[in-house]
Amino acid sequence: MNPIDELRAAKPAHLDDGGRVDELTRATELARAMSGPRQAPARRRVVRPAWGLGLAGAAAAVTAAVVVVSGNGPVPANPSRAPGGTGAVASAEPSASGTRTRAPRVALPARQVLLAAAENAARQDEGSGDYWHSESVSRNLYTVKDGGYLVVDRNRLEGWTPSATGGEQWSRSKSLGARPATEQDRKAWERAGSPSAFKAVIPGKGGGKEKYGAIPLSTSPRPARTERSSLVDGDKVFWLGRNVTMKDLRGLPSDPAKLKKWLMASYEGHGTEGDSQEMSGDVWLFTVSMGLIMDMPVTPEVRGAAFRMLAELDEAKVTADVTDAEGRSGTAVSVQEPTHGGGIDEKRLVFDESTGRALARENVVVKAGTFQAGLEPGTVWTSEVLIGSGWTDAGPKGS
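Keep in mind that this is a model prediction, so the values were computed, not measured.

> Any chance you could explain the pattern of salt bridges here in plain terms?
If charged atoms from side chains of opposite charge come close, those side chains can pair. Scanning the entire structure with this criterion turns up 17 salt bridges. Note that Glu-126 is salt-bridged to Arg-250, the shortest N-O span being 2.0 Å. In this pair, Glu-126 sits in the loop between α3 (110–122) and β3 (131–144) while Arg-250 sits in helix α6 (residues 246–250), placing the two residues 124 residues apart along the sequence. By relative accessible area, which is 31% here, Glu-126 ends up partly exposed. Since its relative accessible area comes to 32%, Arg-250 is described here as partly exposed. For Lys-236, the salt bridge is made with Asp-233, and the minimal N-O distance between the two is 3.8 Å.

> Even after reading the chapter, I still don't get the pairing of strand β12 (residues 329–339), so can you show me in this structure?
Along a regular strand, successive side chains alternate from one face of the sheet to the other. Judged by how many residues are buried, β12 sits mostly within the fold: eight of 11 residues are covered. Examined bridge by bridge, strand β11 (residues 317–323) and β12 share five bridges and lie antiparallel to one another. Bridge pairing in β12 places Thr-319 opposite Ala-332. Where β11 folds back onto β12 in an antiparallel hairpin, the turn is made up of five residues, including Gly-327, whose phi is positive at roughly 85 degrees. Sheet topology places β12 next to strand β13 (residues 343–352); nine bridges connect them, and they run antiparallel.

> Would you mind going over the confidence of the model for the protein with me for this structure?
Any region with low pLDDT has predicted coordinates that should not be read closely. Summary statistics for the protein give a mean pLDDT of 75 and a share of 68% for residues scoring 70 or more. Under a pLDDT of 50 for its full length, residues 1–45 has, in the predicted model, 174 contacts with residues more than four places off or in other chains.

Thresholds applied
In this numbering scheme, every chain counts its residues from 1 along its sequence in written order. With the structure being a predicted model, the display of local features is reserved for residues of pLDDT at least 70 and the display and counting of side-chain atom pairs for 80 or more, all residues being used for whole-chain, interface and lining totals. Based on all heavy atoms of the structure, the side-chain values leave hydrogens and waters out of the count. A pairing counts as a salt bridge when a side-chain nitrogen of Lys or Arg comes within 4 Å of a carboxyl oxygen of Asp or Glu. The way it works is that DSSP assigns letters per residue, a run of H or I at least four long becomes a helix, a run of E at least two long becomes a strand, and they are numbered from the N terminus. Burial classification: accessible surface area is computed with a 1.4 Å probe over protein chains only, and a residue below 20% of its type maximum counts as buried, one above 50% as exposed, and the rest as partly exposed. Any two strands between which DSSP finds at least two bridges are classified as paired. Residue-level confidence of the predictor is summarised by pLDDT, bounded by 0 at the bottom and 100 at the top. Every residue pair with non-hydrogen atoms within 4.5 Å of one another is taken to be in contact.

Written out as C-alpha cells, the structure is:
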C-alpha cells in the first residue's frame, strides 16, 4: 500500500521530483515503506498519503448499476491459502479455519449507495484545532523466504499536520510485529521452529525471482518512533495529484463537477506516483479521491462531493458487507486495475454508509501477477485501516 514511511528515512532518490519510475520498483519500495510514519519528507515532493498511489492502469469497466457481492468477493480457488475468513487483511491474521463461504448475491445500484454516503459525509461535524491528527494500522502480506508460508506485517501509524504554515509535521510509527496469516500458515511456521525473526520475499521481475532480495521481519513489536520535520516549502502538507497546502485543501470546491475539474488538472495519463505505466482517468481520479476522503482535512461538504464524483465513475463497483481488518462492517467502492506482470488488483475504499466515514483502503487480488505471486483471488494483500482522524489542539506527547 504502498498508500508509507521508511520511505522518508530511506526513500530512493529516483522517487523524488516526479521522476518516472518502473512500477515494480516503486510498488515494492512503497509497500515496505508503509511500515513507518507518513510525515512528508523534507524534500520537494510531498509523498503523503502514499497508500495505493502506485498500482497503475484501468481494467474492465462495470456499469454504475452493478451486482454487489455480499461478503468480500469471490471464494478463493484455494480458500485455505487466503488470509482469513472475510478477505480483509485483518482476517489475514490466524483464524479458526482460514476458510470462507460464498454469501448470497445482492443487487444494489452503486450510484444510489454512493449518493447516500455523500449526503451523510456532508453532515459530519468538522471541528477545529491546531493539528489534523490521524491514526491508522497498515497490514502487508508477505511470503517467508525459507518457509513458503504467509505472514502479515502490521504497523500503527500516527500523524499530526499543522493547520498553520511554517509549522512542523509530526509522525509516530510502531511495528506491531508479523504473524502467520492463516491457521495453515501457523502450522507451517511451527514446523519451521516458530522463529521470531525471518525474511520475507519481495517478488521481482522474471517469473517472481527475488530481484529485490528479502526484508527482515519479526514477530515482536518494536518501540514507537516519533519524528518531526518542517513542512515542504514551508506550507505543503499533502499530495493530491500535486503538492498542496492546507489553504488549497480548505478551499476545494464542494461542487462535484468543479472538484473533478480541479483534481483532473493534475492528470497526465499515467499513475499517481509519476510512473510510466498508463492509467485511465477514472482510475486515477478514484485513487486520488480515496486519499481525499480518508486522509485529508477537507470540509465535510468536499468529502461529500468526492463521494458524488465516485458515483459518476463508470468503472466503480460497490460491494456490501465488507469486513475491514479491525473487524468493522462496511461497504466498499472499488475499481480494477492491471498490475505489473499480468496481474489485476481491485483497489477499494471501505466506508460506513450511514456516516460517510472512511474505514479502510485495500488492494485485493483479482488475478495474481508479479506483485501477488502465490496469492489467491480474493486475498487482501495490502490494507490500511483508519482508526480515527480529526482536528486537535494537542500535538504528540513530548513535543
